[in-house]
Amino acid sequence: MRERTLERVRKLLAKAERTDNEHERATFMAAASALMARHGIDSLPPAGTRQTPGDRIVTLPNPWAREKARLVSLVAQAVRCRPLLVGRGESGGQRVHVFGFAADLERADLLATSLLLQMATGLARVRVPGEVTSVRAYRRSWLLGFTDEVYRLLCAAESRAEETVGTGAALVLADRRAEVERVVAAHYPNIRVSVPRTSGTGYRDGVAAGRRADLGRTGMPTATAPELTGG
């Protein structure tokens, strides 16, 4: 059933990618995100089953490396993983260390891959308003707005799915969150939180684009789309 659910998600997202109709795209996105959240609940083991959180490190290349890393981090956080920005990779860029249980890491992988590509496509379509004095600042704010709106939509879908579970499943979710936090604390006893600054219409336009995002495709990307490789 779980693989069947994921296949339904992939098909919905493929339809969303093919349509130019924004209303259709929003409908497919909503259905796919709801199914993905439901998949996360259905993947929970029975109460009392012992599992160990895993982890993976994702390296996001320059340019826009910090903005890409923020997208990966917030997507992971929305699907019950725990991300940490852990600095630069050997060839530059940014590294994100993501902790979570296997099913949630899989969901984070699938969603982040799709949304990185969608963010690149959206950025390519951006027409910077003539009154903007700094194109790069506008584009950065757009990327942050896109990411924050995607995060809000994913969190809403996860919350709706969690509202349907019984007391036993709710306790399992709480235990899993605590277990992930214990593993993170063992790796990183001193954690510092930073919040990026945003401004202007670029952020608002990015939020609007995030609402139209489609949550698709599998596997982390091996190459970066052209629109995210130039300032």
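Report follows, based on the coordinates.

Cut-offs applied
Residues numbered from 1 in each chain as written. Predicted model: local features only at pLDDT ≥ 70, side-chain atom pairs only at ≥ 80, totals over all residues. Heavy atoms only, no water. Helix = DSSP H or I, 4+ residues; strand = E, 2+ residues; numbered from the N terminus. Buried < 20%, exposed > 50% of the residue type's maximum accessible area, 1.4 Å probe, protein only. Polar contact = N/O pair within 3.5 Å; in protein donor to acceptor, adjacent residues only side chain to side chain. Contact = heavy atoms within 4.5 Å. Expected span 1.5 Å × (residues − 1). Pairing = 2+ DSSP bridges. Axes fitted to C-alpha atoms, helices over the stretch in contact; angles between N-to-C directions. Salt bridge = Lys/Arg side-chain N within 4 Å of Asp/Glu carboxyl O.

Take the side chain of Asp104 next. Relative to the elements of secondary structure, Asp104 occurs in helix α4 (residues 102-125). We classify Asp104 as buried; its relative accessible area is 2%. At a separation of 3.1 Å, a polar atom in the side chain of Asp104 contacts the side chain of Arg107. Apart from the residues lying within four places of it in its own chain, the contact partners of Asp104 are Val79, Arg80, Cys81 and Arg176.

Moving on to unusual backbone geometry. Between Asn62 and the following residue, Pro63, the backbone shows a cis peptide bond with an omega angle of -5 degrees. For Pro63, the location among the structural elements is in the loop between β1 (54-60) and α3 (65-78). A positive phi angle, close to 60 degrees, is found at Trp64, a residue other than glycine. In this structure, Trp64 sits in the loop between β1 and α3. Positive phi, normally seen in glycine, also occurs at Arg80, with a value near 75 degrees. Inspection of the secondary structure assignment puts Arg80 in the loop between α3 and β2 (82-85).

With 24 residues, α4 should cover 34 Å at 1.5 Å per step; its first-to-last C-alpha distance of 35 Å lies within 8% of that length. A large share of α4 lies buried, amounting to 18 of its 24 residues.

Let's shift gears to the sheet that holds β2. If you trace the 3 strands from one edge of the open sheet to the other, you get β1-β3-β2, paired in antiparallel fashion. Of all strands in the sheet, those with a lone pairing partner are β1 and β2, marking the two edges. Across the sheet, the axes of successive neighbouring strands diverge by a mean angle of 20 degrees, strand direction being ignored. Against the sheet, α3 touches β1, β2 and β3 (94-100), its axis set at about 5 degrees to β3. Strand contacts of helix α6 (residues 167-187): β2 and β3, with the helix running at about 140 degrees to β3, the strand carrying the most contacts.

Among the 7 residues of β3, 6 are classified as buried, and the element is accordingly described as predominantly covered. Sheet analysis places β1 next to β3, joined by 7 bridges and oriented antiparallel. From the neighbouring strand, Val58 faces β3, where its bridge partner is Val96. Two elements, β2 and β3, share 4 bridges in a ladder whose sense is antiparallel. Across the sheet, the residue bridging to Leu84 is His97, located in β3.

Here we come to the pattern of salt bridges. Summed over all chains, the structure comprises 13 salt bridges. Across the pair Arg82 and Glu181 runs a salt bridge whose closest N-O atoms are separated by 3.0 Å. One end of the pair, Arg82, is in strand β2; the other, Glu181, is in helix α6, with 99 residues separating them in the sequence. Look at Glu181 and you get partly exposed, because its relative accessible area is 37%. The salt bridge partner of Asp104 is Arg176, with a shortest N-O separation of 3.9 Å. Residue Asp104 is located in helix α4, and its partner Arg176 is located in helix α6; the two are separated by 72 residues in the primary sequence. Among the charged side chains, a salt-bridge network with shared partners connects Arg80, Asp104, Arg107, Glu158, Glu162, Arg176 and Arg177.

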